[in-house]
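Now for the letters of each chain:
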Amino acid sequence: MPADACGADFGCGSGRWASVVAGRISRLVCVDASEAALAVARRNLAAYSNCEFLLSSIGDMPEIRGNSLDFGYSLGVLHHMPDTAAGLVSCVAKLKPGAPFLLYLYYRFDGPWWFRALWQASELGRAVISRLPHGPRYVMSQGIAVLVYWPLARMARLVEKWVFLQKACLCPTIVRNHSM
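Residues numbered from 1 in each chain as written. Predicted model: local features only at pLDDT ≥ 70, side-chain atom pairs only at ≥ 80, totals over all residues. Heavy atoms only, no water.

Chemist: Give me the lowdown on unusual backbone geometry, citing residues and values where you can.
Modeler: The phi angle at Asn 67 is positive, at roughly 55°, despite the residue not being glycine. Topologically, Asn 67 is positioned in the loop between strand S3 (51-55) and strand S4 (71-75). (Helix = DSSP H or I, 4+ residues; strand = E, 2+ residues; numbered from the N terminus.)

Spelled out as structure tokens, the structure:
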């Protein structure tokens with residue numbers, strides 16, 4: 001994000017993720033429906049003068065103008081709402097058109113047996129790695145990032161470009177109006 005970007009942490013909780021983002025942008029609105037969570041976030045983010053704190057539910061944020069944010073994220077929050085889809089719509093309505101939105105939702109494990117087994121194996125790995133001393137834990141997490149997440153991110157980018165090119169073949173004006 002550019003240094004002058006303005007965004008929101010929808011469901012900031014203690015401000016854990018906001019502390020990673022705040023130092024890189026101009027303004028960050030930390031939204032949470034819990035007064036206690038916002039108090040903790042205020043303490044944890046006291047070093048950042050660019051953070052604003054908004055006590056509000058995700059479905060009701062009149063203080064944030066629609067189409068005004070350069071980015072937003074909601075990590076592990078929206079699935080707790082009675083209407084997850086409405087919460088998502090509410091967050092996205094605050095973003096400028098085309099602005100990125102990072103979303104993390106927990107998943108219900110009612111899929112195929114192999115999916116549950118894969119998840120349980122990854123949970124076992126997470127439990128072991130998280131108990132390691134800092135050095136080995138860091139090496140393991142970086143190895144996983146390089147061997148798993150980085151290739152997946154690159155593959156997603158290639159698929160995105162492929163889809164764009166497929167659309168461009170169907171509508172050549174897209175190529176003239178879009179920079180890659």
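Resuming the write-up.
Chemist: Explain the side chain of Ser 90 to me, and be specific about the residues and the numbers.
Modeler: For Ser 90, the position within the fold is in helix H3 (residues 84-93). On the accessibility criterion, Ser 90 (14% relative accessible area) is buried. For Ser 90, the contacting residues outside a window of four places in its chain are Ile 58, Gly 59 and Met 61. (Buried < 20%, exposed > 50% of the residue type's maximum accessible area, 1.4 Å probe, protein only. Contact = heavy atoms within 4.5 Å.)

Chemist: With reference to specific residues and values, describe the pattern of salt bridges.
Modeler: Within the structure shown, the criterion is met by four salt bridges. With a closest N to O distance of 2.6 Å, Glu 52 and Arg 27 form a salt bridge. With Glu 52 in strand S3 and Arg 27 in strand S2 (residues 27-32), the pair connects residues that are 25 residues apart, well separated along the chain. Residue Glu 52 is classed as partly exposed on the basis of its relative accessible area of 36%. Among the residues examined, Arg 27 registers a relative accessible area of 31% and is labelled partly exposed. (Salt bridge = Lys/Arg side-chain N within 4 Å of Asp/Glu carboxyl O.)

Chemist: An account of the sheet that holds S2 is requested, with residue identities and associated values reported.
Modeler: Here we have five strands laid out as an open sheet, ordered S3-S2-S1-S4-S5, and parallel in their pairing. What marks the edges here is a single partner per strand, and that holds for S3 and strand S5 (101-104). Shown here is a sheet whose adjacent strand axes are inclined to one another by a mean of 15°, direction ignored. Relative to S3, S2 is paired through five bridges, and the arrangement is parallel. Within the sheet, the bridge partner assigned to Asp 32 lies in S3 and is Leu 55. Against the sheet, helix H2 (residues 35-44) touches S2 and S3, its axis set at about 170° to S3. (Pairing = 2+ DSSP bridges. Axes fitted to C-alpha atoms, helices over the stretch in contact; angles between N-to-C directions.)

Chemist: So, the layout of surface pockets: which residues are in play, and what are the values?
Modeler: In this structure, the largest pocket spans a volume of roughly 670 Å³. In the lining of the largest pocket, the residues fall into seven nonpolar, five polar and two charged. Together, Asp 9, Gly 11, Cys 12, Ser 14, Gly 15, Arg 16, Trp 17, Leu 75, Gly 76, Val 77, Tyr 104 and Tyr 106 line the second largest pocket. Among the residues forming the lining of the second largest pocket, the class breakdown is six nonpolar, four polar and two charged. (1 Å grid on protein atoms, 1.4 Å probe; cavity = no way out; pocket = protein on both sides within 12 Å on 5 of 7 lines; lining within 4 Å. Points joined across faces, edges and corners; volume = space filled by probe spheres on them. Nonpolar A, V, L, I, M, F, W, Y, C, P; charged D, E, K, R; others polar.)

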